[in-house]
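Per-entry structural report
Here is what each chain is made of, one letter per residue.
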Amino acid sequence: MKQIGLTVASLAISFLAAGPLHAQQLDPLALLKVTPASVPDHNCVICRPAPPLYNPRPDSPYPLALLPLPPANGPPVKNCTFCHGVSAQGLGVVPRLAGQRAAYIEKELGAFRNHSRDNPYSALYMWNAVPNLPPETARALADYFSREAPQAAADGNRALVDQGRALYQAGEPQANIVTCVVCHGPDAQGVGAIPRLAGLSYSYLKRRLEQWNQGYHQTAKPMPQVTRSLSASEIDALASYLSFLDDRAASR
Amino acid sequence: MMAIHGRYALSSIALATAFMAVGSFGSALAGPRESSGGVQAKIEYCETCHGASGQGFYGYYAIPRLAGQQTGYIEDQLRDFSHGERHTPIMGPVARSVSPSEYSAIAAHFHAMNSAPLGGGSGGNVALGRDIFMNGIPESNVPACWACHGQDAHGAREIPRLAGQLPSYLIKTLSNWYEQRGTKSAHGLSAIMVPTTHNLTRAQMAAVAAYVSGLR
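When helices and strands are counted, chain A shows 12 helices and zero strands. In sequence order, the secondary structure elements of chain A are arranged as α-α-α-α-α-α-α-α-α-α-α-α. Out of the 252 residues in chain A, the part that is buried amounts to 37%. Counted over contacts in chain A with a minimum sequence separation of 6, partners at least 24 positions apart contribute 67%. Of the roughly 14,300 Å² of accessible surface on chain A, a fraction of 62% belongs to carbon and sulfur atoms.

Looking now at the overall build of chain B. The secondary structure content of chain B amounts to 11 helices and two strands. Helices and strands appear in chain B in the N-to-C order α-α-β-β-α-α-α-α-α-α-α-α-α. Taking all 216 residues of chain B together, the buried fraction comes to 50%. Across chain B, contacts joining residues at least 24 apart in sequence account for 70% of those joining residues at least 6 apart. Split by element, the accessible area of chain B, about 10,500 Å² in all, is 63% carbon and sulfur.

All right, on to the nonpolar core then. Counting 50 residues, the largest nonpolar core has Tyr168, Ala188, Leu197, Leu209, Leu238 and Leu242 of chain A together with Phe110 of chain B as the members making the most contacts within it. Look past the residues within four positions of alanine 188 of chain A in its chain and what remains in contact with it is Tyr168, Arg196, Leu197, Ala198, Leu242 and Leu245 of chain A. Met134, Val142, Cys145 and Leu200 of chain B belong to the second largest nonpolar core, which has 22 residues in total.

Okay, the interface of chain B and chain A next. Contacts between the two partners involve 19 residues from chain B, matched on the other side by 21 residues from chain A. Counting each side, the surface lost to burial between chain B and chain A is near 1,700 Å², with a carbon and sulfur contribution of 63%. Among the residues chain B hides against chain A, the three largest losses belong to Tyr45, Thr48 and Tyr60 of chain B. Together they make up 38% of the total. For glutamate 44 of chain B, the salt bridge is made with arginine 228 of chain A, and the minimal N-O distance between the two is 2.8 Å. If you look at where chain B meets chain A, you find 10 residue pairs in polar contact (both at pLDDT 80 or more). For the side of chain B that touches chain A, the secondary-structure elements that each account for two or more residues are α2 (38–50), β1 (57–58) and α4 (91–96) of chain B. For the side of chain B that touches chain A, the leading source of residues is α2 of chain B, giving six residues. In the side of chain B that touches chain A, the residues fall into 11 nonpolar, four polar and four charged.

Looking now at the pattern of salt bridges. Two side chains with opposite charge may pair up if their charged atoms get near one another. Residues and elements named next belong to chain A. Under the criterion given, the structure shown has nine salt bridges over all chains. For glutamate 108, the salt bridge identified is with arginine 117, shortest N-O distance 3.0 Å. When its relative accessible area of 6% is taken as the criterion, glutamate 108 is described as buried.

Let's shift gears to helix α11 (residues 202–213) of chain B. Residues and elements named next belong to chain B. Taking 1.5 Å per residue as the helical rise, α11 with its 12 residues ought to reach 16 Å, and the 16 Å between its terminal C-alpha atoms agrees with that figure. For α11, the tally of buried residues reaches 10 of 12 residues, placing the bulk of the element in the interior. All of the buried residues in α11 are Gln204, Met205, Ala206, Ala207, Val208, Ala209, Ala210, Tyr211, Val212 and Ser213. Buried positions along α11 lie against α6 (126–135), α8 (167–175) and α10 (193–199).

Attention shifts here to the side chain of asparagine 176 of chain A. Inspection of the secondary structure puts asparagine 176 of chain A in the loop between α7 (161–170) and α8 (181–184). Side chain to side chain, asparagine 176 of chain A and lysine 42 of chain B meet in a polar contact 2.6 Å long.

Right, let's get into helix α5 (residues 103–111) of chain B. Residue and element names in this part refer to chain B. Of all the residues in α5, the buried ones are Tyr103, Ile106, Ala107 and Phe110. An end-on view of α5 places all buried positions within 95° of arc, on one side of the element. Contacts from the buried residues of α5 go to α2, α3 (71–82) and α4.

The next thing to look at is the packing of α2 of chain B against α5 of chain B. Residues and elements named next belong to chain B. The interhelical angle for the contact between α2 and α5, taken along N-to-C directions, is 50°, at an axis separation of 10 Å. Here α2 lies oblique to α5, going by the angle between them. Judged by the twist between their axes, the crossing of α2 over α5 is right-handed. Residue-level contacts link Val39, Lys42, Ile43, Cys46 and Glu47 of α2 to Ala105, Ile106, His109 and Phe110 of α5. The residue makeup of the contact of α2 with α5, split by class, is six nonpolar, one polar and two charged.

The omega angle of the peptide bond from lysine 221 of chain A to proline 222 of chain A is 5°, so this bond is cis rather than trans. Within the fold, proline 222 of chain A resides in the loop between α9 (202–213) and α10 (223–228). Not every positive phi belongs to a glycine, and alanine 188 of chain A is a case in point at roughly 60°. As for its placement among the helices and strands, alanine 188 of chain A is situated in the loop between α8 and α9. Non-glycine residue serine 53 of chain B carries a positive phi angle of around 60°.

The rules behind these values
Residues numbered from 1 in each chain as written. Chains lettered and ligands numbered in written order. Predicted model: local features only at pLDDT ≥ 70, side-chain atom pairs only at ≥ 80, totals over all residues. Heavy atoms only, no water. Helix = DSSP H or I, 4+ residues; strand = E, 2+ residues; numbered from the N terminus. Buried < 20%, exposed > 50% of the residue type's maximum accessible area, 1.4 Å probe, protein only. Contact = heavy atoms within 4.5 Å. Areas by Shrake-Rupley, 256 points an atom, 1.4 Å probe, with all protein chains shown as cover. Core = buried A, V, L, I, M, F, W, Y, C linked by side-chain atoms within 4.5 Å. Buried area = accessible area lost by both parts, 1.4 Å probe. Salt bridge = Lys/Arg side-chain N within 4 Å of Asp/Glu carboxyl O. Polar contact = N/O pair within 3.5 Å; in protein donor to acceptor, adjacent residues only side chain to side chain. Nonpolar A, V, L, I, M, F, W, Y, C, P; charged D, E, K, R; others polar. Expected span 1.5 Å × (residues − 1). Arc of directions from axis to C-beta. Axes fitted to C-alpha atoms, helices over the stretch in contact; angles between N-to-C directions. Parallel < 35°, antiparallel > 145°, perpendicular 65-115°, else oblique. Left-handed = near helix turned anticlockwise from the far one by under 90°.

So this is what it looks like as structure tokens:
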């Protein structure tokens with residue numbers, strides 16, 4: 001009984017793998033020896049030409065609509081997308097790569113390689129992912145992901161957004177908390193090797209801010225010094241605010 | 001022409017009113033209290049943005065180098081920031097969190113730091129910059145910079161050191177002089193900078209920045 005079940009399942013799988021009935025396999029027009037031009041109103045699902053692929057960034061060498069399948073000669077993104085998601089939007093503590101600054105991604109790949117970014121998950125996952133990554137591939141990956149459109153994770157506490165925005169924009173000079181805006185920009189879009197923070201996930205931002213205070217990734221100056229003055233509730237507020245921030249909408 | 005003058009006059013009055021409002025608010029806040037953690041904590045707070053050893057930092061905005069800066073200038077600017085006479089959204093609240101009694105210690109700390117040029121081009125024409133710095137631009141009514149800032153661009157007292165400053169910060173300062181420091185310049189030592197910066201082209205600003213940022 002079990003074997004029959006398995007056979008049925010494998011048959012079903014092979015049908016699925018073969019794909020739906022398609023014009024190339026069973027082309028009714030070819031059988032009839034007529035071309036679509038001779039039947040102008042012919043518009044069945046099988047014969048209708050595929051719509052052009054939507055590409056919101058025409059300047060990108062990587063057509064976004066092809067995701068999650070990168071071009072054959074493109075960078076080996078599948079290894080990244082296993083964890084970072086097929087459209088690289090990240091998941092919880094796994095950071096979003098889409099829209100991240102290319103120079104920042106490249107710098108961090110270097111930091112995983114020389115183990116200076118030693119946060120627990122970095123050591124567990126990223127240290128083993130990068131040793132054989134040639135520099136030109138690292139650059140191509142950084143370029144590829146930076147061109148994908150980012151979406152805001154929006155997973156923080158909405159009640160803390162106002163407090164987070166105030167901290168982000170002005171800091172708290174009395175408590176020696178610097179503003180974030182000076183380096184990360186008015187809409188947290190980042191610049192150069194300074195990362196885009198807008199819309200990163202609450203869980204990722206919170207862990208990062210906490211882990212500088214726990215002694216991890218001390219080479220990322222000036223962040224270890226910046227986070228030193230932040231309380232747990234202030235970290236909560238900042239991470240919440242940033243998780244909802246859609247800098248592309250903000251700058252429009 | 002008259003219309004333009006009229007508009008300038010109106011906006012100056014509006015600006016002056018705004019600055020006066022900010023100024024009185026500022027002085028109300030800047031009480032004679034010590035800041036949290038004392039002067040050493042404040043210095044570390046400055047260095048978080050202005051770079052380790054006050055070397056400046058390229059964030060989203062260029063954050064100026066403080067190393068080697070004249071103490072009189074640093075104290076003067078902290079006062080202007082906290083009274084709203086130099087208008088930036090970031091430094092106003094920061095300066096108001098520093099007690100005036102701490103100004104001199106902070107200024108002396110950064111003045112003593114290594115001010116050797118950092119290198120790295122700015123894209124400006126160094127030869128043109130040197131020419132403007134030494135001779136000014138007579139046809140544009142731009143005076144020679146060295147007349148006040150000194151031949152070595154080290155400045156003196158309230159006149160800032162320019163030598164070794166980050167070029168993009170210098171360009172920004174020359175571009176937004178009136179917006180940031182118009183009120184102070186109306187009655188102060190820096191009055192000359194209003195017409196001077198107004199008459200410089202973008203390329204001339206970049207040239208001057210390229211020249212002085214490479215001076216030792």
